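# Residue-level structure breakdown
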Amino acid sequence: MIVVDSHRQILLLQRADTGGWGLPGGFMDPGETLEETARREVTEETGLEIENLSLMHVFSGSDQYFRYPNGDQVFNVTTVYTATSQDWNYRLDPQEVAAAELFPLDRIPADLIAPEVPILEHYAKTATHSL
């Protein structure tokens, strides 16, 4: 999920498992739609309710490789939506999220987890910024 505020800042989460910064998101539960997964994951991780959900792009391939600290390796197929939120009162899940912060596109943290880089690059190139 790319969740933006009224100043076009992007919500990033410092992951509790890796320490790196990333976008809100996660895996589908059985029977869920992609949209339901997106909404649930943002709410579970941050406590935020999202609005204006819009499909941005589907990412796959070698740039979606990630190795977890426990050694698990994955090649993600990632469906990315953009959305907004009116309420920025975080209720973070400490099992998943160490911190949440809004960042302008030109000040994204250097320790962004690798699979998020092409997603944010694509967003920067194609976003209409009219959410």
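These notes cover the structure that comes with them. All values derive from a computational prediction rather than experimental measurement.

## Concerning the overall build of the protein
- Helices and strands together make up the secondary structure of the protein, namely two helices and eight strands.
- Taken from N to C terminus, the helices and strands of the protein fall in the order β-β-β-α-β-β-β-β-β-α.
- Taking 131 residues into account, the globule formula puts the C-alpha radius of gyration at 14 Å, and the protein, at 14 Å, falls close to it.
- Each principal axis of the C-alpha distribution contributes one length, and for the protein these read about 40 × 35 × 30 Å.
- In the protein, buried positions account for 39% of the 131 residues.
- Put simply, of all contacts in the protein between residues at least 6 apart along the chain, 65% involve residues at least 24 apart.
- Measuring between centres, the 8 positive side-chain charges of the protein sit 4 Å from its 21 negative side-chain charges.

## Looking at the side chain of Ser85
- Mapped onto the elements, Ser85 comes out in the loop between β7 (78–84) and β8 (97–103).
- A distance of 3.0 Å separates the side chain of Ser85 from the backbone oxygen of Asp87, its partner in a polar contact.
- When neighbours within four sequence positions are excluded, Ser85 is seen to be in contact with Val3, Val4, Leu48 and Glu49.

## Focus on a nonpolar patch on the surface
- Together, Leu55, Val58 and Val77 make up a nonpolar patch on the protein surface, roughly 290 Å² of accessible area in all.
- Along the polypeptide, Leu55 turns up in strand β4 (residues 51–59).

## A look at unusual backbone geometry
- For Arg8, which is not glycine, the phi dihedral falls at a positive 65 degrees.
- With respect to the secondary-structure elements, Arg8 resides in the loop between β1 (2–4) and β2 (10–15).
- Even without glycine at this site, Asn52 takes up a positive phi of about 55 degrees.
- Inspection of the secondary structure assignment puts Asn52 in strand β4.

## Considerations on the side chain of Arg15
- Take Arg15: it is sitting in strand β2.
- The contacts of Arg15, once residues within four sequence positions are left out, are Gly20, Leu23, Pro24, Gly25, Glu45, Glu96 and Ala98.

Here is what the cut-offs are and how they apply
- Residues numbered from 1 in each chain as written.
- Predicted model: local features only at pLDDT ≥ 70, side-chain atom pairs only at ≥ 80, totals over all residues.
- Heavy atoms only, no water.
- Helix = DSSP H or I, 4+ residues; strand = E, 2+ residues; numbered from the N terminus.
- Rg over C-alpha atoms; globule rule 2.2 N^0.38 Å.
- Buried < 20%, exposed > 50% of the residue type's maximum accessible area, 1.4 Å probe, protein only.
- Contact = heavy atoms within 4.5 Å.
- Lys, Arg positive; Asp, Glu negative; His and termini not counted.
- Charge placed at Lys NZ, Arg CZ, Asp CG, Glu CD.
- Polar contact = N/O pair within 3.5 Å; in protein donor to acceptor, adjacent residues only side chain to side chain.
- Patch = residues over 30% accessible without salt bridge, like charges linked within 9 Å, V, L, I, M, F, W, Y side chains within 5 Å.
- Areas by Shrake-Rupley, 256 points an atom, 1.4 Å probe, with all protein chains shown as cover.
- Salt bridge = Lys/Arg side-chain N within 4 Å of Asp/Glu carboxyl O.

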